[in-house]
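Spelled out from the first residue to the last, the chains are:
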Amino acid sequence: MACEQISYRKSTRVGIIGAGISGIAAAKRLSHHNPIVFEATDSIGGVWKHCSFASTKLQTPPCDFEFSDYPWPQRDNSTFPSYLDILHYLHAYATHFDVLKFVRFNSRVVEIRYIGGGDGRETTNLDVAAGPGEFGPLLSGHPVWEVAVETHPPKTIERYGFELLVVCIGKYGDIPKMPVFPPNKGQEVYGGKVMHTLDYSKLDKEAARELLKGKKVSVVGYKKSAIDLATECAQANQGADGQPCTMVIRTLHWTVPAYWIWGLPFFLFYSTRSSQFLHQRPNQGLLRNLLFPLLSPVRKAVSKFIESYLVWKLPLVKYGLKPDHPFEEDYASCQMAILPENFFSEADNGKIMFKKTPRWWFWNGGLEFEDNTKLEADVVLLATGFEGKKKIQDLLPQPFSSLIVDSSGIMPLYRGTIHPLIPNMAFVGYIESVSNLQTAELRCKWLSRLADGLFKLPSIKKMLDQTSEEIEIMKKTTRFYKRHCISTFSINHSDEICEEMGWKCWRKNNWVLEAFAPYSSQDYGEED
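Taking an unreviewed UniProt entry as the reference, the protein is identified by name as Flavin-containing monooxygenase belonging to Gossypium mustelinum. Under Sequence similarities (unreviewed entry), UniProt gives the following word-for-word description of the protein: "Belongs to the FMO family." Database annotation for the protein, UniProt heading Cofactor (unreviewed entry): "FAD".

Counting through the fold element by element, S275 comes out in helix α9 (residues 273-276). A polar side-chain atom of S275 sits 3.3 Å from the main-chain amide nitrogen of S271. Here T272 takes part through its backbone oxygen, which lies 2.9 Å from a polar atom of the side chain of S275. Apart from residues lying up to four places away in sequence, S275 is in contact with F267, L268, F269 and Y270.

Moving on: the confidence of the model for the protein. When pLDDT is averaged across the protein, the result is 88; 90% of the residues are at 70 or more. Overall, residues 124-132 carries pLDDT values under 50, and its contacts beyond four positions in sequence, including any with other chains, amount to 15 contacts. This model gives residues 507-528 a pLDDT under 50, and the stretch forms 61 contacts once residues within four places in sequence are excluded.

Attention now moves to the state of the cysteines. Scanning the model with the defined rule gives one disulfide in all. Here C334 pairs with C485 through a disulfide, and the sulfurs are 2.0 Å apart. The sign of the 65° torsion about the S-S bond sets the C334-C485 disulfide as right-handed. Linking C334 in the loop between α12 (327-332) and β15 (337-338) with C485 in the loop between α16 (460-477) and α17 (490-501), this pair joins segments that are 151 residues apart in sequence. Overall, C485 belongs to the buried group, its relative accessible area being 3%.

Glancing now at the nonpolar core. When a protein is soluble and globular, its nonpolar side chains tend to lie buried together. If you look at the biggest cluster of nonpolar residues, it comprises 80 residues, and the most contacted ones within it are I24, W145, V166, L396, I418, F427 and W446. For this core, the leading source of residues is helix α15 (residues 436-451), giving eight residues. Apart from the residues within four sequence positions on either side, L396 is in contact with I112, S401, I404, I422, M425 and F427. V219, A226, Y259 and A347 belong to the second largest nonpolar core, which has 50 residues in total.

Take helix α3 (residues 83-96) next. Compared with the 20 Å implied by 1.5 Å per residue over 14 residues, the 20 Å span of α3 between its first and last C-alpha is a close match. Within the span of α3, buried status applies to Y83, I86, L87, Y89, L90, Y93 and A94. When α3 is viewed along its axis, its buried side chains cluster within an angular range of 165° and face the same direction. What points out from α3, more than 90 degrees from its buried face, is the exposed set H88 and H96.

Those residues of helix α14 (residues 388-395) lying buried are G388, K391, I392 and L395. End-on view of α14: buried residues confined to an arc of 90°, all on one side of the axis.

Moving on, we come to the sheet that holds strand β8 (residues 164-167). Strand order in this open sheet of five strands is β4-β3-β2-β8-β21, and the pairing throughout is parallel. The open sheet terminates on both sides in strands that have one partner only, identified here as β4 (103-104) and β21 (425-427). Here four bridges tie strand β2 (residues 14-17) to β8, and the two strands are oriented parallel to one another. Across the sheet, I17 pairs through a bridge with V167, a residue of β8. Against the sheet, helix α1 (residues 21-29) makes contact with β2, β3 (36-38), β4 and β8, and its axis sits at roughly 165° relative to β2, the strand it touches most.

Judged by side-chain polarity, W262, L264, F267, L268, F305 and W312 come together as a nonpolar surface patch covering roughly 590 Å² of accessible area. Counting residues per element, the ones that place at least two in the nonpolar patch are α8 (267-270) and α11 (296-313). Residue position: F305 is located in helix α11.

As a further point, take the packing of aromatic side chains. Under the defined criterion, the tally for this structure stands at 39 aromatic pairs. Here F181 and W360 contribute two aromatic rings whose centre-to-centre distance is 5.0 Å and whose plane-to-plane angle is 70°, an arrangement assigned as edge-to-face. Here W360 lies in strand β17 (residues 360-363) and F181 lies in the loop between β8 and β9 (193-196), a separation of 179 residues in the sequence. F181 gets classed as partly exposed once you look at its relative accessible area, which sits at 21%. When its relative accessible area of 13% is taken as the criterion, W360 is described as buried. Grouping aromatic residues by their ring pairs yields a cluster made of F80, Y259, F266, F269, Y270, F305, F327 and Y331.

Between α1 and α15, the shortest axis-to-axis distance is 9 Å and the interhelical angle comes to 30°. If you check the angle between α1 and α15, you find them roughly parallel. Between α1 and α15 lies a crossing whose hand is right-handed. For the pair formed by α1 and α15, the contact residues are I21, S22, A25, A26 and R29 on the first element and L437, A440, E441, C444, K445 and S448 on the second. Residue composition of the contact of α1 with α15, grouped by class: six nonpolar, two polar and three charged.

With that settled, the discussion passes to the pattern of salt bridges. This model, assessed by the stated rule, comprises 24 salt bridges. The closest approach of N and O atoms between E111 and R159, which form a salt bridge, is 3.2 Å. Here E111 is found in strand β5 (residues 107-114), whereas its partner R159 is found in strand β7 (residues 156-162), with 48 residues between them in sequence. Of the residues examined, E111 reaches a relative accessible area of 31% and is grouped as partly exposed. Given a relative accessible area of 13%, R159 falls into the buried group. The network of salt bridges with common partners includes K28, R29, D69 and E441.

Each value, and the rule that gives it
Residues numbered from 1 in each chain as written. Predicted model: local features only at pLDDT ≥ 70, side-chain atom pairs only at ≥ 80, totals over all residues. Heavy atoms only, no water. UniProt positions renumbered as here; feature names shortened; annotations may be inferred. Helix = DSSP H or I, 4+ residues; strand = E, 2+ residues; numbered from the N terminus. Polar contact = N/O pair within 3.5 Å; in protein donor to acceptor, adjacent residues only side chain to side chain. Contact = heavy atoms within 4.5 Å. pLDDT = per-residue confidence, 0-100. Disulfide = S-S within 2.5 Å. Buried < 20%, exposed > 50% of the residue type's maximum accessible area, 1.4 Å probe, protein only. Core = buried A, V, L, I, M, F, W, Y, C linked by side-chain atoms within 4.5 Å. Expected span 1.5 Å × (residues − 1). Arc of directions from axis to C-beta. Pairing = 2+ DSSP bridges. Axes fitted to C-alpha atoms, helices over the stretch in contact; angles between N-to-C directions. Patch = residues over 30% accessible without salt bridge, like charges linked within 9 Å, V, L, I, M, F, W, Y side chains within 5 Å. Areas by Shrake-Rupley, 256 points an atom, 1.4 Å probe, with all protein chains shown as cover. Salt bridge = Lys/Arg side-chain N within 4 Å of Asp/Glu carboxyl O. Phe/Tyr/Trp six-rings, centres within 6.5 Å; stacked < 30°, edge-to-face > 60°. Parallel < 35°, antiparallel > 145°, perpendicular 65-115°, else oblique. Left-handed = near helix turned anticlockwise from the far one by under 90°. Nonpolar A, V, L, I, M, F, W, Y, C, P; charged D, E, K, R; others polar.

In structure tokens:
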């Protein structure tokens, strides 16, 4: 039985859950409030620390994945940094800005209660959030959220009260998304080993190689983690005694060998103002609404142009890996994967094989498919994703947990940060773009100014209208809209955030690096 202490720290107004990329960015921007950052593990880094493989690399060049005020020490934009490079960079950033002093390691949040009345009594009354039609100040002078934290060692529980709680536990890691099988066709009938990527990532390099070497391995999935896993499996099975790895694929996605298309840099197609002008965006006005249908042939031509290069460059037709949907849909849902250099060469050598199927299940010797064929397997690796939204739903009390996901299956977050019906709570790292780091950092800057009272949120109705419009745009752009990706209108999204703060943004390589407002640094309480 854990020993429980009541420990309300009224001198600390801000609590942050998670010390990954988003949590560290939030702590830096809110540092003048002396936040407490609760990290369940013994290190910062989030998924880069706990869900990475030996072959895991960044999907973008370093210039598109760096903080605005802390460049990479040695930047080579022709290469993709490894997960170790990312961890070193993040640790250097946190050390440089003295952020680690805010982090409490081995501190897992086990319960959150809403005590918005300020009298310490738990309440579940939504009138506080929705009744007045407006948000009050984020820092109101009394605790709104009570957080129970279990600390190891000595496994005690402490409770903290916060005026503002920032949730940065991310969409990946912690809760694996597992396939559902018909009766008597699950892994209980299978005689081999089944492992989700979450567990595989915890293996060291030697243990991972031992698991794969000389084994018939099936990798379920065809996104970045699955592709990396298949490549590692092929490398572990070199030589005459090596066994092929089979990728079991339900949905095909476009893969890209590098950020060049027919000799042109990739950013020209989707990450400039002129290219994003072709795509629908929120609050675009009557003229753009009229122009949007007329620009449809141009959008399709851009997508076809990229597809033609990928089909020419990669053996997609040879292996039956050409998706039926346009390239634009994968880009608009942030599912475009960069291939390891030797992926298709390993396929050509027979070390990676492919099986497309809408459904599969287990038999005692491996996997069985809808077409009644069977595949022998010693090891089955599930690259089936994570239940990111469920993490938050399990953590928040009712009725707020039921509001996390709306009828479309998306978290309705205003500016990708504030849920219009959940007071004094912010979420960072839950929308995606081409550069999730820069997306998170800008929203942390926005959140910091909002917390300092330098601007106000619009009414709850206006925030809901804004989020609904963004969701409708994503639904029209891609069938994979539930990933909440803003890549086709990311520049406009950043512009609106800057305008709300009274900032003027300037860019380099099409990303917001810094923004200036007509106020002195003293007005913001920090140097920028």
